[in-house]
Amino acid sequence: MTFHRLPTGGTLIDRSRALSFTFDGKRFSGFAGDTLASALLANGVMLFGRSFKYHRPRGTFAAGSEEPNALVTLVRNGFREPNLKATLVEIFDGLEAESQNRFPSLNYDLGAVNRLAGRLFSSGFYYKTFMGPFRNTKIWMFCERFIRKAAGLGKAGLIPDPDRYERMNAFCDVLVVGAGAAGLKAAQTAAKSGLDVILADENPHAGGALNYASGEINGQAIWAFTASVIEQLGALPNLRILTRTHVWGFYDGNTLAAVERVADHKAERSPGEPRQRHWVIRAKHAILAAGASERPIVFPGNDVPGVMLSDALVEYAQKFAVVPKGPVALFANNDTAFAAALDLSRLGVTVSAIVDVRRDISDFAKFLAGRSGAELIAGQAIVGTEGGKALKSISVRPFDAASGEVSGTARIIACETLGVSGGWSPAIQLASQAGGRPKWDARLQAFLPPEPMPGFSFHAAGAANGAGDLTQAFSEGHSVAAFIAKGLGKKAAKPSPVKIDLDSADIAPAPVLEIASSDSKQKAFVDLQADVTADDLRQAAQEGFAASEHAKRYTTWGMATDQGRTSNLPGLAVLAKAQGISIPEAGLTKFRPPASGVAIGAIAAERFGDLRPYRLTPMHDWHLKNGATMYAAGLWERPMIYGKPGETVEQAYVREAKAVRESVGIADVSTLGKIDIQGPDAAEFLDRVYTNMFSNVPVNKARYGLMLREDGFVMDDGTTWRLGETKFLMTTTTANAGKVMQHLEYFLDCLWPELRVHVTSVTDQGAGAAVSGPNARKVLEACVTGTDVDAVTLPFMGIARGSVAGHPVLICRLSFSGELAYEVYSGAGHGQKVWNELLEAGQPYEIAPYGLEALGTLRIEKGHVTGAEIDGRTTAQDLHLGWMISKKKPFMGSAMMGREGLMKEGRLTLTGVQSLSGEAISGGSHIVLSSDPKAPGASLGHVTAACYSPALGRHIALALVADGNVMIGRRAFAADPLRGRHVPVELVSHHMFDPEGRRMYV
């Protein structure tokens, strides 16, 4: 069996633009507009991959997102992306694709030996495998490596994703999902009625099935008429068309999620152009017009390459001019295949036979069969196929649709391609996410969209709503859009006249979705990708997993990348028959987002490379010129170390931390969140926000504050400075600056609107430098004018105003390092000059700039907490900060912090850890009691931060350990199996250096 490209035709390819690509290292050519599937078929490639369990040969089965077989891995500049559907991948010059799930090659796959052990891979084989006498034995541990290697589809790469992604928010009156006949008409009516409209379609071209339908509309070929309509819609200012955009989720408040493939189809991307764009669309109403998917009929031998959906054959032929070379047979339970036969025959394809399970065939269908030249074989069914990597022939026997029984002698019909049509399943995935139970339509033998649940507003139209022809699709598209327009107070636009000249076939099928032949030795597959057979589903029912949701998980039926588009209803039919119930009684499985695969990068919408919108401190250029290695802290760039030639990261931060302990160091703290809080009720507001009192803080003094979430867990810590009776400056951690600002605004807007307080973020307005170490005061005395900085004038937590190099500065004596320390703030425009002056004044004391690594070392030695310990699961007591909780006032979180679960024994508590062997302790290591690395036992907690301490001369860490208070003095092990470390440690107080704090009170 093979396909080839016709010399003319193809509504969506540009023959003037030839493109070159590779598949499994072999070079092929195609045209602009080709998908990888159509281009490979045009080159005679029929084998696309191997199936999951049995590694059976698989060819392409469909032509769109319903494709279950043709999964490939794309490789671009070394980055691998697996499990992409070849039917959706657009080729470009230089595209590199690889087949999957095979070794050593696609043609000769050693995994095919699994077919000999078919009985071992029946329903629930993976559950049964993980049970029994060999579990947790050496035999099992040996086998586990091979099982894990065999699991999964595709092979991900190891290098980071180099691409850039964007996030976009959009608002509209109407979102139309699907740009076929109903979607185009709905968008046209809604936009001409004055509504703001977004039209989204997953394909590169709007039009859906109109792009390959035969016939005429208003005297034009349907594809030409469609192109003119799309051009007219593109000129409407209130209509945005998003092609290559898959709407994958429907959420409360009529919020829909979509991913736009912006540059996946391009060989070269423009500077700043993202690979994909994630859309969050908030629509007043949604019109779901995503069409319907043709479904197969299950029969023995139905997975041989060459067996395809009949509509896919027409789509490849009309859109890409790619057709089978040899004879084609069609197998159906409805009239769709008859129209397909005529379309194919008009293009010169030999259609040898149409096998139909129905005995009574309509006159119109017989007419179509006669025009196509195909032999009509009514009242019979396919009971087997011949062929390994390519179809050679089919076996046909008489069939009774009422009883489902086959009889008589088999007839062999030679054919190289078989098109199958088992009816149509409307695309109800999004509607099901936003609605109740789908409605069963006995005539169509399909589920229709449910009614919207409260909080959702949508209407289904066209084939997605069960429409059987273009006339009905156009009509429904217009009517739902007109209804929405009237509901929004607009005058609905009148429909433009549409005269359709098309041979429409009746899509209503006979209720036959499986041909069971008891004497056949071939497997009948329901889920082609996951290798789930009809017998697997019957076995699941026999073993007690008869409910559709249970059978789905027990067999993996419908859990493949096509999310059951081709397998769902045939599988339900098998389950229903096994139990003697109807398909609606068997119950459709729940559709959940995403409706199809979505790249994690698109959901995260991260930006990479030089285009990332970095926030830079005023001293950024100085850091770079002085050897700083920069580190991303959120959107900020902060120095990690100031490395000297030949220094490792550890050597650099040890040197910097030692300089702070022994003399003096300077750090850029401009990135700390700074929030201006003013108003008559500012002090009262802070009392409610913080766990401790702030209304009694004197002017020109600062206090360390702790902030809880409403549920009683610690949210952030920082200092707040009282600059006047009604004026405060709150500082926050760099990471939580935005979160704390939102927190405060929420309180004032929603909880305490009566308070007369204004909060303003001033983070970017100031530059800050922390001067720390025994000689810190001497540095400030050498350069600060307008104020004294002695211990009397500027005591611990005191605030002073002065000047440095003629520039006004605000100085607070506070310490994160545990040393005598000051934070010096100036306007952002003066930050570099003040920094230079401080460095100059510190030269006699060999002042050293220090980065985040040294800062982390200093704070670990002192047991100060940061985001690593404030992880959303810790309380004030867990972090030894209970002394900061006031008993004189209520505050945010006070009502919930005393819950039983937050006060019980055994909670993870902040604890110090010191290495006993001289080995480094890895961050994230588990604290265990067992000395055996191979059997470490239960985890008592985990390491949150680790370093080498120059002050203590050993590797130390902070950890959250169960009952940490009573564990002090105990010996344990820091287990890190991934890095092969099992370090003996001692659990100590988290205050590991200068526990009395004498050094900062000098």
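See the structure above.
Residues numbered from 1 in each chain as written. Predicted model: local features only at pLDDT ≥ 70, side-chain atom pairs only at ≥ 80, totals over all residues. Heavy atoms only, no water.

1. Section: the environment of Arg981
Part 1 of the argument: Within the secondary structure, Arg981 is located in strand 54 (residues 981-988).
Part 2 of the argument: The class for Arg981 is partly exposed, based on a relative accessible area of 32%.
Part 3 of the argument: Arg981 sits 48 residues away from Pro933 along the chain, and the two C-alpha atoms are 8.0 Å apart.
Part 4 of the argument: With residues near it in sequence (within four places) discarded, Arg981 still touches Ala920, Ile921, Ser922, Ala974, Ala975 and Asp976. (Helix = DSSP H or I, 4+ residues; strand = E, 2+ residues; numbered from the N terminus. Buried < 20%, exposed > 50% of the residue type's maximum accessible area, 1.4 Å probe, protein only. Contact = heavy atoms within 4.5 Å.)

2. Concerning the sheet that holds strand 22 (residues 375-378)
Part 1 of the argument: Taken together, 5 strands build an open sheet; the order of strands is 18-27-20-21-22 and the sheet is parallel. This sheet does not close on itself; its edge strands, each paired only once, are strand 18 (307-309) and strand 22. In this sheet, adjacent strand axes meet at a mean angle of 20° when their direction is disregarded.
Part 2 of the argument: As judged from the 3 bridges shared by strand 18 and strand 27 (residues 417-421), these two strands associate in the parallel manner. By the bridge assignment, Leu309 is partnered in strand 27 with Val420.
Part 3 of the argument: Running at roughly 80° to strand 18, helix 6 (residues 310-320) makes contact with strand 18, strand 20 (328-332) and strand 27 of the sheet.
Part 4 of the argument: On the sheet, helix 7 (residues 336-346) packs against strand 20, strand 21 (351-356), strand 22 and strand 27 and is oriented at approximately 175° with respect to strand 21. (Pairing = 2+ DSSP bridges. Axes fitted to C-alpha atoms, helices over the stretch in contact; angles between N-to-C directions.)

3. Quick notes on the sheet that holds strand 39 (residues 701-708)
Working definition: the strands of a sheet are paired by backbone hydrogen bonds and lie parallel or antiparallel to each other.
Part 1 of the argument: In spatial order, the strands read 39-40-41-38-42; together these 5 strands make up an open sheet with antiparallel pairing. Edge positions in the sheet fall to strand 39 and strand 42 (758-761), since each has one partner strand and no second. Taken over all neighbouring pairs, the strand axes of this sheet differ in orientation by 25° on average, direction set aside.
Part 2 of the argument: Pairing between strand 39 and strand 40 (residues 714-724): 8 bridges, direction antiparallel. Looking across to strand 40, one finds that Ala702 is bridged to Trp721.
Part 3 of the argument: Lying on the sheet, helix 19 (residues 737-751) is in contact with strand 38 (673-678), strand 39, strand 40, strand 41 (727-732) and strand 42; it crosses strand 42 at an angle near 160°.

4. Looking at the pattern of salt bridges
Part 1 of the argument: According to the stated counting rule, one finds 41 salt bridges in the structure shown.
Part 2 of the argument: We note a salt bridge from Glu451 to Lys439, for which the minimum N-O separation is 3.2 Å. Of this pair, Glu451 sits in the loop between strand 30 (446-448) and strand 31 (458-460) while Lys439 sits in strand 29 (residues 439-441); the two residues are 12 residues apart in sequence, bridging distant segments of the chain.
Part 3 of the argument: Judged by relative accessible area, which is 39%, Lys439 ranks as partly exposed.
Part 4 of the argument: Between Glu725 and Arg722 there is a salt bridge whose closest N-O contact spans 3.5 Å.
Part 5 of the argument: Each of Arg56, Arg58, Asp303 and Asp531 takes part in a single network of salt bridges with overlapping partners. (Salt bridge = Lys/Arg side-chain N within 4 Å of Asp/Glu carboxyl O.)

5. Section: the packing of aromatic side chains
Part 1 of the argument: The tally for this structure, following the rule as stated, stands at 18 aromatic pairs.
Part 2 of the argument: Ring geometry for Trp440 versus Phe447: centroids 4.9 Å apart, planes at 65°, classification edge-to-face.
Part 3 of the argument: On the basis of relative accessible area, Trp440 is assigned to the partly exposed category, the value being 25%.
Part 4 of the argument: Residue classification places Phe447 among the buried residues on the basis of a relative accessible area of 8%.
Part 5 of the argument: Between the aromatic rings of Trp622 and Trp835, the centroid separation amounts to 5.5 Å while the plane-to-plane angle is 70°, which identifies the pairing as edge-to-face. A residue pair is termed long-range when its members are at least 10 positions apart, and Trp622 in helix 16 (residues 620-625) and Trp835 in helix 21 (residues 831-841) qualify at 213 residues. The same class applies to Trp622 and to Trp835, which are both buried.
Part 6 of the argument: Sitting over the face of the ring of Trp752, Arg688 holds its NZ or CZ atom 5.3 Å from the ring centroid. (Phe/Tyr/Trp six-rings, centres within 6.5 Å; stacked < 30°, edge-to-face > 60°. Lys NZ or Arg CZ within 6 Å of the ring centre and 35° of its normal.)

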